[in-house]
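Listed below are the residues making up each chain.
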Amino acid sequence: MNDQHRIAFITGASRGIGRGIAIELAKAGYDIAGSSRGLSKVGIFEVKQRVEECGVAFLPVQGDVSILEDHEKMVKTVVDQFGRIDVLVNNAGVAPERRLDVLETTPASFDRVMSTNLKGAFFLTQRVARQMIEQSEAKPKIVFITSVSAYMSSPSRAEYCISKSGLSMAAAIFADRLAEYGINVYEVRPGIVKTDMTAPVQDKYDRLIEEGLIPQRRWGLPEDVGKAVAALVSGGFEYSTGTVIEVSGGMNIRRL
C-alpha cells in the first residue's frame, strides 16, 4: 500500500461490472479491496493480477453481502490492512435464477434477490458509513450500482426491478443523511451490460439493440460503468451528492 493512495472497497469485484470498476479505479490510482463470496483463481485473483499491473495494491476480501454477520468481518479486514475506507462501491448483485412472470414469482426468489441487492447493500453501507464518520478522513464517497431496472418494468424479473428501485431510494436517503459529515453518495444506473449475468439472454438483447432499443446501438461494457464510477469519486462532483448517472447508451432518452 502507498500512503498516498486512496482506498476503494468494491463488493462483488470478482467478475462483470465489479471487475470493470476495480480495474478503472486502479488505473486512477486507488488501492482496491474487492469482496467475493469465494476466493478463486479464475475470479477474484484474476482481478487482483489485473489491478496490481496498474501499480496499486489489491486485497481479496471473502464475504457474502447477503449475510449480515459477514459485514463486520469484511470491513475489519479492509481497515486492518489499509487503515481506512475512502470509497465504498455497492456493486454486488444477483439476478433471479429463473425468469418467471410476475404472477409466478416465488417468495424464495424474492427473498434471495432482496437479501443481496437491497438488504445487504443497505446494511453494509450503514456499517461503512459509521467507519467513514469515525476515521475523519477527507471527503469519502459511497456509490450504489443500481440499474435502469430501477424505473423500467420487466414483468419476468419483478424481484430484480423492485430491488434496484429500492436501492435507488437507499442511495438518496444515505446522500441526505450523510451530507452533514461530508460523505457524498452517488447512484450509477447501468443499462444492458455484457456480463455473465446477461449472457443467457444475449440473443434477445442483440436483436433489440439492432432494432434500436439503445440509441448508441451497442452493448454496454463493464469498463463503461467503471469509468463513470472513477469520474464520480475523482473530486469533480463535490457539490453533487445524490446525483444519478445513467450508463445506458441513451436508454433514458424519451423517444417517439
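Everything numeric in this text was worked out from a predicted model, so none of it was measured.

## Side note on the packing of aromatic side chains
Under the counting rule described, the total for this entry stands at four aromatic pairs. With a centroid separation of 4.9 Å and 75° between ring planes, the pair formed by Phe122 and Phe123 is classed as edge-to-face. Ring centres of Phe122 and Phe174 lie 5.3 Å apart, and the angle between their planes is 50°; this geometry places the pair in the tilted category. Remark: Phe174 occurs in helix α5 (residues 158-178) and Phe122 occurs in helix α4 (residues 107-135); sequence separation between them is 52 residues. A relative accessible area of 30% places Phe122 in the partly exposed class. You can call Phe174 buried: its relative accessible area is 10%.

## Describing the pairing of strand β2 (residues 31-36)
Across the six residues of β2, six count as buried, placing the element largely inside the fold. Because side chains alternate across β2, one face comprises the buried residues Asp31, Ala33 and Ser35, and the other comprises Ile32, Gly34 and Ser36, equally buried. Bridge count for strand β1 (residues 7-10) against β2 is four bridges, and the pairing is parallel. Counted as the bridge partner of Ile10 is Gly34 from β2. With helix α1 (residues 16-27) bridging β1 and its parallel neighbour β2, the resulting β-α-β unit is right-handed. One ladder, built from five bridges, connects β2 with strand β3 (residues 58-62); its direction is parallel. Counted as the bridge partner of Ser36 is Gln62 from β3.

## A short note on unusual backbone geometry
Unusually for a residue other than glycine, Arg217 sits at a positive phi of about 55°. Of note, Arg217 is situated in the loop between α6 (202-210) and α7 (222-233).

## Some thoughts on the nonpolar core
Phe9, Val78, Ile85, Ile142, Phe144 and Val185 are the most contacted members of the largest nonpolar core, which totals 30 residues. Sorting the residues of this core by element identifies β1, β3, α3 (69-82), α4, β5 (141-145) and α5 as the ones contributing at least two each. Looking at this core, the element that brings in the most residues is α5, giving six residues. Not counting chain neighbours up to four residues away, the residues in contact with Ile142 comprise Leu88, Asn90, Thr125, Ala129, Met132, Leu178, Ile183, Asn184, Val185 and Tyr186. Ranked by size, the runner-up nonpolar core spans 29 residues in total, among them Ile17, Ala26, Tyr186 and Val193.

## Brief notes about the packing of α1 against α7
At a closest axis distance of 7 Å, the pairing of α1 and α7 adopts a crossing angle of 50°. Judged by the inter-axis angle, α1 sits oblique to α7. Of the two possible hands of crossing, α1 and α7 adopt the one that is right-handed. Residue-level inspection shows Gly16, Ile17, Gly20, Ile21, Glu24 and Leu25 of α1 in contact with α7, the latter providing Pro222, Glu223, Val225, Gly226, Lys227, Val229, Ala230 and Val233. Of the residues belonging to the contact of α1 with α7, the class tally is eight nonpolar, three polar and three charged.

## With respect to the environment of Glu180
Secondary-structure assignment places Glu180 in the loop between α5 and β6 (184-190). Sequence-wise, Glu180 and Ser154 are 26 residues apart; in three dimensions their C-alpha atoms are separated by 37 Å. Polar side-chain contacts of Glu180 include one of 2.9 Å to the side chain of Arg177.

## Re the pattern of salt bridges
Summed over all chains, the structure comprises 16 salt bridges. Of the charged contacts, one joins Asp86 and Arg84 as a salt bridge, the two residues approaching to 2.9 Å between their closest N and O atoms. Both residues of the pair, Asp86 and Arg84, belong to the buried class. Here the salt bridges share partners, and the residues they tie into one network are Arg6, Arg84 and Asp86.

## So, a nonpolar patch on the surface
On the surface, Leu68, Phe122 and Phe123 cluster together into a nonpolar patch covering about 210 Å² of accessible area. Locating Leu68 in the fold gives a position in the loop between β3 and α3. What makes Leu68 partly exposed here is its relative accessible area of 31%.

## Topic: the environment of Lys164
For Lys164, the position within the fold is in helix α5. Looking at Lys164, the relative accessible area reads 4%, which means it is buried. Linking Lys164 and Gly226, residues 62 residues apart in sequence, is a C-alpha distance of 18 Å. Among all residues touching Lys164, those that are not within four sequence positions of it are Asn117, Ile145, Thr146, Ser147, Ser149 and Ala150.

How each quantity is defined
Going along each chain's sequence as written, the residues are numbered from 1 onward. Two thresholds apply to this predicted model, a pLDDT of at least 70 for residue-level local features and 80 or more for giving and counting side-chain atom pairs, whereas whole-chain, interface and lining totals are computed over all residues. Just so you know, side-chain values use all the structure's heavy atoms and leave hydrogens and water out. Centres within 6.5 Å make a pair out of two Phe, Tyr or Trp rings, where for Trp the six-membered ring is used; the pair is then stacked when the planes are under 30 degrees apart, edge-to-face when over 60, and tilted otherwise. For helices the rule is a DSSP run of H or I covering at least 4 residues; for strands it is a run of E covering at least 2, with both sets numbered from the N terminus onward. When a residue's accessible area, from a 1.4 Å probe over protein chains only, is under 20% of the maximum for its type it is buried; when over 50% it is exposed; and in between it is partly exposed. By the convention used here, strands pair only if DSSP detects at least 2 bridges between them. Handedness of a crossover: with both strands directed away from the viewer, a clockwise path from the first strand across the helix to the second marks it as right-handed. The term nonpolar core refers to a set of buried residues drawn from Ala, Val, Leu, Ile, Met, Phe, Trp, Tyr and Cys, joined through side-chain atoms within 4.5 Å. Only heavy atoms enter the contact rule, under which two residues are in contact if any of them lie within 4.5 Å. Angles here are taken between N-to-C directions and fall from 0 to 180 degrees, while the axes themselves are lines fitted to C-alpha atoms, restricted in helices to the stretch in contact. The labels follow the angle: roughly parallel below 35 degrees, roughly antiparallel above 145, roughly perpendicular from 65 to 115, and oblique for the rest. Two helices crossing with the near one rotated counterclockwise from the far one by less than a right angle form a left-handed crossing, whereas a clockwise rotation gives a right-handed crossing. For this scheme, ten residues count as nonpolar: Ala, Val, Leu, Ile, Met, Phe, Trp, Tyr, Cys and Pro. Four count as charged, namely Asp, Glu, Lys and Arg, and the remainder, Gly too, count as polar. By the criterion applied in these results, polar contacts are pairs of N or O atoms within 3.5 Å in which, for protein atoms, one can donate a hydrogen and the other can accept it, and in which residues neighboring in sequence qualify only through two side-chain atoms. By convention in these notes, a salt bridge is any Lys or Arg side-chain nitrogen within 4 Å of a carboxyl oxygen on Asp or Glu. Patches in this entry comprise residues that are over 30% relatively accessible and not in a salt bridge; like charges within 9 Å are linked, as are nonpolar side chains (Val, Leu, Ile, Met, Phe, Trp, Tyr) within 5 Å. Each accessible area is a Shrake-Rupley result for a 1.4 Å probe, and residues are judged covered by the shown protein chains and nothing else.

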